[in-house]
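Here is how the chains run, residue by residue.
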Amino acid sequence: MSNVFESMNQKDHEQVVFCHDSDTKLKAIIAIHDTTIGPALGGCRMWEYANEKEALTDVLRLSRGMSYKAAIANLNLGGGKAVIFGNSKTDKSEILFRSFGRFVDGLDGRYITAEDVGTTVKDMEWVRMETEYVTGISRALGGSGDPSPVTALGTYAGLQACVKRKLGKDSLRGLKVGVQGVGHVGYYLCQHLYRAGAKLFVTDIDEISLKRVVNEFRANVLGLDDIYDADLDIYAPCALGATLNDVTIPKLKCSIVAGAANNQLGKESRHSTMIENRDILYAPDYAINAGGLINVANEIEGYNRERAFSQAESIYDTLMVIFDLADSEKVSTHTAASKVAERRMADVAKLKNIYLPRKNVMGKRDNN
Ligand code: NAD
């Protein structure tokens with residue numbers, strides 16, 4: 001694994017920690033991208049990486065994404081991520097996650113972990129036996145529980161912003177919305193849309209999830225690939241990543257793309273420009289789906305569901321700021337979102353120019 005510093009330098013990462021414990025067979029990497037705004041927060045992924053380079057690339061990319069997501073959500077958090085090498089079905093144990101928890105604890109709050117692909121709330125409860133720097137714990141243990149209702153509310157607020165911007169309307173009544181994936185987030189999003197009087201079109205590979213939204217919200221079912229060229233006002237991706245690509249974008253008949261899925265753009269720059277050129281308004285995924293992060297961030301300060309919901313609703317305003325900047329600078333909404341996030345990081349960094357006398361461990365005053 002040569003060139004670690006070179007890789008860190010490319011996107012300005014602060015710290016990378018390689019964790020190894022031969023007793024528990026833990027092999028993990030923690031990446032801290034940026035702590036300008038606050039401690040680095042990001043989930044812990046468990047994955048069978050083909051090699052160490054692939055794992056490093058993944059953790060560097062994901063941790064940087066978290067810096068932008070926290071910054072744009074107006075949270076006082078930085079970006080971090082962890083990856084554990086292993087098969088999430090066969091290689092898990094209490095001792096493995098407790099070992100990981102001790103490495104997290106050693107960072108003394110510079111990095112806060114949470115569940116992610118391949119890990120669960122239960123795994124994080126093992127981590128919590130060794131460190132307080134873990135969030136996304138079950139409600140039974142005083143945590144925030146399932147984040148998807150908050151993510152769905154934030155996404156719905158984002159849809160309202162898009163409708164106001166693109167169609168000049170204050171309501172979604174009568175609009176045709178296609179929701180791709182009606183799992184945790186998709187289900188709650190459909191609930192908001194139904195209550196708002198939208199006409200629902202849904203698709204999913206899971207029949208049971210589909211039946212639920214058909215029965216409860218009078219949704220119409222579309223074939224898996226029919227969602228792209230269906231006659232819709234809004235396409236809401238809430239299942240997989242990379243659904244906006246060379247094949248799907250030319251098919252779209254909607255005027256708005258806004259949904260909760262992560263990494264919706266196949267290739268960020270290419271596909272955000274393609275969407276822009278088709279005169280479709282795109283809500284940047286990491287801005288509109290920040291409700292989940294808002295939820296776990298609230299847990300750190302002592303969970304208050306009302307506060308989490310109200311912060312998620314402010315995604316409406318965040319998107320308006322992004323759309324204004326995209327218009328004034330004639331850039332895609334994707335580029336504008338990056339600029340808004342970078343601006344906040346830079347603004348907060350400048351605050352540190354103001355000297356604050358603090359006592360250090362020796363009792364002497366120290367600048368921080
Ligand atoms: P989920 O697994 O509960 O739901 C995903 C749904 O998509 C499932 O019902 C699944 O059957 C369906 N699906 C899978 N492949 C499909 C396909 N090819 N076509 C149509 N449907 C398909 O996941 P979730 O928690 O609801 O998250 C949905 C998306 O939102 C993911 O991309 C996730 O990363 C993102 N997200 C979730 C949260 C959260 O709070 N849960 C927060 C931020 C982002």
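The structure under discussion appears in the preceding block.
We now turn to the structure provided with this report. (Residues numbered from 1 in each chain as written. Predicted model: local features only at pLDDT ≥ 70, side-chain atom pairs only at ≥ 80, totals over all residues. Heavy atoms only, no water.)

1. Considering unusual backbone geometry
Line of reasoning, step 1. One non-glycine residue, Asn74, lies in the positive phi region at around 60 degrees.
Line of reasoning, step 2. Note that Asn74 resides in the loop between helix 2 (52-72) and strand 5 (78-85).
Line of reasoning, step 3. On the accessibility criterion, Asn74 (48% relative accessible area) is partly exposed.
Line of reasoning, step 4. Residues other than glycine seldom take positive phi values, yet Asp108 does so here, at roughly 55 degrees.
Line of reasoning, step 5. Looking at the element boundaries, Asp108 is found in the loop between helix 3 (94-106) and strand 6 (111-112).
Line of reasoning, step 6. Under the relative-accessibility criterion, Asp108 is labelled exposed at 60%. (Helix = DSSP H or I, 4+ residues; strand = E, 2+ residues; numbered from the N terminus. Buried < 20%, exposed > 50% of the residue type's maximum accessible area, 1.4 Å probe, protein only.)

2. Thoughts on the site of the ligand
Line of reasoning, step 1. Close to the ligand lie 18 residues, the nearest being Thr151, His184, Val185, Asp204 and Asn262.
Line of reasoning, step 2. Here an oxygen atom of the ligand sits 3.0 Å away from a polar atom, N or O, in the main chain of Ala239.
Line of reasoning, step 3. Note that an oxygen atom of the ligand is positioned 2.8 Å from one of the side-chain N or O atoms of Asn262.
Line of reasoning, step 4. At the level of elements, helix 5 (148-167) and helix 6 (184-195) are the ones that each hand at least two residues to the shell around the ligand.
Line of reasoning, step 5. In the shell around the ligand, the residues fall into 9 nonpolar, 7 polar and 2 charged. (Near = heavy atom within 4 Å. Polar contact = N/O pair within 3.5 Å; in protein donor to acceptor, adjacent residues only side chain to side chain. Nonpolar A, V, L, I, M, F, W, Y, C, P; charged D, E, K, R; others polar.)

3. Details of the pairing of strand 1 (residues 15-21)
Line of reasoning, step 1. Judged from the 7 bridges that link them, strand 1 and strand 2 (residues 26-34) form a sheet pairing that is antiparallel. Bridging across to strand 2, His20 finds its partner in Lys27.
Line of reasoning, step 2. In textbook terms, the turn of a hairpin is the stretch between consecutive antiparallel strands, and for strand 1 and strand 2 this stretch comprises 4 residues, one of which, Lys25, has a positive phi near 70 degrees. (Pairing = 2+ DSSP bridges.)

4. Observations concerning the packing of helix 13 (residues 315-329) against helix 14 (residues 333-351)
Line of reasoning, step 1. The interhelical angle for the contact between helix 13 and helix 14, taken along N-to-C directions, is 110 degrees, at an axis separation of 8 Å. Relative to helix 14, helix 13 is oriented roughly perpendicular. Helix 13 and helix 14 meet at a crossing whose hand is right-handed. Residues Val321, Ile322, Phe323, Leu325, Ala326 and Glu329 of helix 13 form the contact with helix 14, whose own contacting residues are Thr333, Ala336, Ala337, Lys339, Val340 and Arg343.
Line of reasoning, step 2. Partitioned by chemical class, the residues of the contact of helix 13 with helix 14 number 8 nonpolar, 1 polar and 3 charged. (Axes fitted to C-alpha atoms, helices over the stretch in contact; angles between N-to-C directions. Parallel < 35°, antiparallel > 145°, perpendicular 65-115°, else oblique. Left-handed = near helix turned anticlockwise from the far one by under 90°. Contact = heavy atoms within 4.5 Å.)

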